[in-house]
Amino acid sequence: MSSSPSLLHRLTRTATLVAVLLAATVSTSVAAEPAPLPTCNLWVAVDGSDLASGTVDAPLRTVQGLVARLLPGEVGCLAAGATFAEDVRVDRGGTRGAPITITSADPQAPATIAGRLYVTDAANDVSFTHLVLDGRNDARLPSPSISGDRVSFINDEVTNEHTGICFDIGSSLGWGTAVDTVIDRSRIHACGTLPRTNHDHGIYDESSINARITNNWIYDNADRGVQLYPDARGTLIAHNVIYGSSTGIIISGDHGMATSDAVIEGNVIARSERYDVESWWPDGNPIGTGNLVRANCLAGTGLGSVADHVGFVVTEPQVVADPQLVDPAAGDLSLTPGSRCAGFGPTEGPGIGPAAPDSPAALRVAGATGTTVSIRWLAPADTSDVVAYRVAVDGRRSFVTTDTSARLGDLRPGVRLHVSVAALNAGGGTSIARVIAVQTLAARAPAVRIVGHGRRWLVVSVAAGGVPSLLVVDGRVRAHVPARGGRVRVRGLRAGAHTVRVMLARRDGGSRSSATVVRLRG
């Protein structure tokens, strides 16, 4: 992206201003201590050369040159306050537990990347911290765009001065589903063209698994603050301030896909033109399941706080109140003393509340019947502080276990469900949940066999069917049969022919056995 001297001047001023704002406008519940200087393996400066060694005395020239050099676990530092006017494509990353990190040499004077940032599906384990990411680019493509796994943005400022979408997480068009994306303690603002077009958002969570959007200030964006569409699975949106959007958060789907298992909690959402939280599902499309909205502080301006609960469940009351932000026009989204939203919005430390353990791994289905599903998983690599696991079914019921397996019972036959498993530690921290789709077996009524009969009675053997059933004689229910089957004696019959069949005890498709006819002696 080409940049005029005046643009570079404005971007440099922006970098300096952001350093001040990050120190001055953070909510009182967030630690404001200066970040320590990073330990840098490679350096980049505007007067460097990509042919140089990358030391502090012989720095590289471009961020693109930096990402080509970094090895797993290494940190690349951009010169404090400098502006790097370039599009950056990241095609290689680190390894699990050893990401490559791109950061500013001095977090108090963040460097700026002025151009499109794209992390491809080939690049996993990449971290961007303490940077200004100005995504303006000639093609007006989203920035940052993320298709790789375990990509994180922490303590960044992200904007494009109202020229397009900012964050685009994953692609529903085949460019890659992003797994375990983290956006934390960052400012995402002035995203999307004006006047509003209904297409440009601060964070567009398009195709992801277990994205974590926490402790951010998301404001002055043209359309949605956060859009979950069409295939976001297991997204956590927690403890953010979302201000001045057409809609604060939308949960939606399309093209046969549906956002599911999102958790929206602890946020402050205000000055939405429509709803603070709403959903949208086109006719004929599946409707998402397991989406939870709980305990947020919502201003309820525009059309209201929460739209009709279609495809999501509100499990805990929302506080509806003016959050009384200090000075939103100047970017100060902290709460004034005495605000009814106290306790909502960004919280201390990395992530939410207590330090979280690692997530369980290799979640899989171990078996299924018409009414049960068995699942198994592996403990996190670091189990030193894991004390239990929380298992949730479609976000509506949950339980805690110390095992690495669980049997889910009393399910309906022939249905698809989403099950999530999160690790818990002794300090109250909860990991990012792993989510898996499970399917119970379609129900079929068990076979029935006459094993004996007399003048006014008969004995029927019902095979084990895995679901409770009803023994029906001549259209009348004569006995309830457990899922394990068994023998049933029926008395009080008259002489003549009788029709015997078994039907399911619940309305699960109307399955029933073929009829068996028996004739009793007169």
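Since the structure is predicted, the reported quantities are computational estimates derived from the model, not experimental observations. (Residues numbered from 1 in each chain as written. Predicted model: local features only at pLDDT ≥ 70, side-chain atom pairs only at ≥ 80, totals over all residues. Heavy atoms only, no water.)

Trainee: Hey, could you run me through the overall build of the protein in this one?
Mentor: Of the regular secondary structure elements, the protein holds 2 helices and 48 strands. Burial status across the protein gives 55% buried among its 522 residues. Of the contacts made within the protein by residues no fewer than 6 positions apart, 68% connect residues no fewer than 24 positions apart. A total accessible area of about 22,300 Å² is found for the protein, and carbon and sulfur atoms account for 51% of it. (Helix = DSSP H or I, 4+ residues; strand = E, 2+ residues; numbered from the N terminus. Buried < 20%, exposed > 50% of the residue type's maximum accessible area, 1.4 Å probe, protein only. Contact = heavy atoms within 4.5 Å. Areas by Shrake-Rupley, 256 points an atom, 1.4 Å probe, with all protein chains shown as cover.)

Trainee: It is not clear to me how the state of the cysteines should be interpreted in this structure. Could you clarify?
Mentor: Cysteine pairs can be covalently joined through their sulfur atoms, and such a bond is termed a disulfide. Applying the stated criterion across every chain yields a total of 3 disulfides. Note on cysteine connectivity: cysteine 40 is disulfide-linked to cysteine 77, with sulfurs 1.9 Å apart. In this structure, the disulfide formed by cysteine 40 and cysteine 77 twists by about -85° around the S-S bond and is classed as left-handed. In this pair, cysteine 40 is assigned in the loop between α1 (5-24) and β1 (42-44) and cysteine 77 in strand β2 (residues 75-78), connecting sequence segments 37 residues apart. An identical accessibility class is assigned to cysteine 40 and cysteine 77; each is buried. A sulfur-sulfur distance of 2.1 Å marks the disulfide that ties cysteine 166 to cysteine 191. Between cysteine 166 and cysteine 191 the sulfur-sulfur dihedral comes to about -90°; the bridge is accordingly left-handed. Remark: cysteine 191 occurs in the loop between β16 (187-189) and β17 (203-209) and cysteine 166 occurs in the loop between β12 (157-159) and β13 (167-169); sequence separation between them is 25 residues. By relative accessible area, which is 0% here, cysteine 166 ends up buried. (Disulfide = S-S within 2.5 Å.)

Trainee: It is not clear to me how the pattern of salt bridges should be interpreted in this structure. Could you clarify?
Mentor: The final tally for this structure, using the stated rule, is 8 salt bridges. With a shortest N-O distance of 2.7 Å, arginine 150 and aspartate 125 are connected by a salt bridge. One end of the pair, arginine 150, is in the loop between β10 (145-146) and β11 (151-154); the other, aspartate 125, is in the loop between β7 (117-119) and β8 (126-129), with 25 residues separating them in the sequence. Here arginine 294 ties to glutamate 265 by a salt bridge, and the two come within 2.7 Å at their closest N and O atoms. (Salt bridge = Lys/Arg side-chain N within 4 Å of Asp/Glu carboxyl O.)

Trainee: Honestly, the sheet that holds strand β28 (residues 292-294) in this entry has me stumped. Any pointers?
Mentor: Two orientations exist for strands paired in a sheet by backbone hydrogen bonds: parallel and antiparallel. Taking strand neighbours across the sheet as the criterion, the 11 strands line up as β1-β2-β5-β8-β11-β15-β18-β21-β25-β28-β31 in an open arrangement whose pairing is parallel. One side of each edge strand has no neighbouring strand; the edge strands of this open sheet are β1 and β31 (313-316). In this sheet, adjacent strand axes meet at a mean angle of 10° when their direction is disregarded. Inspection of the sheet shows strand β15 (residues 182-184) paired to strand β18 (residues 212-214) by 3 bridges, in the parallel sense. (Pairing = 2+ DSSP bridges. Axes fitted to C-alpha atoms, helices over the stretch in contact; angles between N-to-C directions.)

Trainee: Before we go on, may I ask you to explain the sheet that holds strand β42 (residues 448-453) in this structure?
Mentor: Strand order in the open sheet made by the 3 strands is β42-β43-β46, with antiparallel pairing throughout. The open sheet is flanked by β42 and β46 (486-490), the only strands paired with a single partner. Across this sheet, the average inter-strand angle for adjacent strands is 25°, counted without regard to direction. Pairing analysis gives 5 bridges linking strand β43 (residues 458-462) to β46, with the strands arranged antiparallel.

Trainee: I keep staring at the side chain of glutamate 278 and nothing clicks. Help me out?
Mentor: Along the chain, the position of glutamate 278 falls in strand β27 (residues 275-280). On the basis of relative accessible area, glutamate 278 is assigned to the buried category, the value being 5%. Of note is the side chain of glutamate 278, whose polar atom sits 2.6 Å from the side chain of threonine 247. Sequence-distant contacts of glutamate 278, defined by excluding residues within four places in its chain, comprise Thr247, Ile249, Ile250, Ile251, Ala307 and Phe312. (Polar contact = N/O pair within 3.5 Å; in protein donor to acceptor, adjacent residues only side chain to side chain.)

Trainee: What's the story with the confidence of the model for the protein in this structure? I'm lost.
Mentor: It should be kept in mind that the predicted coordinates are not to be read in detail where pLDDT is low. Per-residue pLDDT for the protein has a mean of 85; in total, 86% of the residues score no lower than 70. With pLDDT under 50 throughout, residues 1-32 is counted as low confidence; its partners more than four residues away or in other chains account for 52 contacts. Here residues 349-354 scores under 50 on pLDDT; set against residues more than four positions off or in separate chains, the count is 20 contacts. (pLDDT = per-residue confidence, 0-100.)

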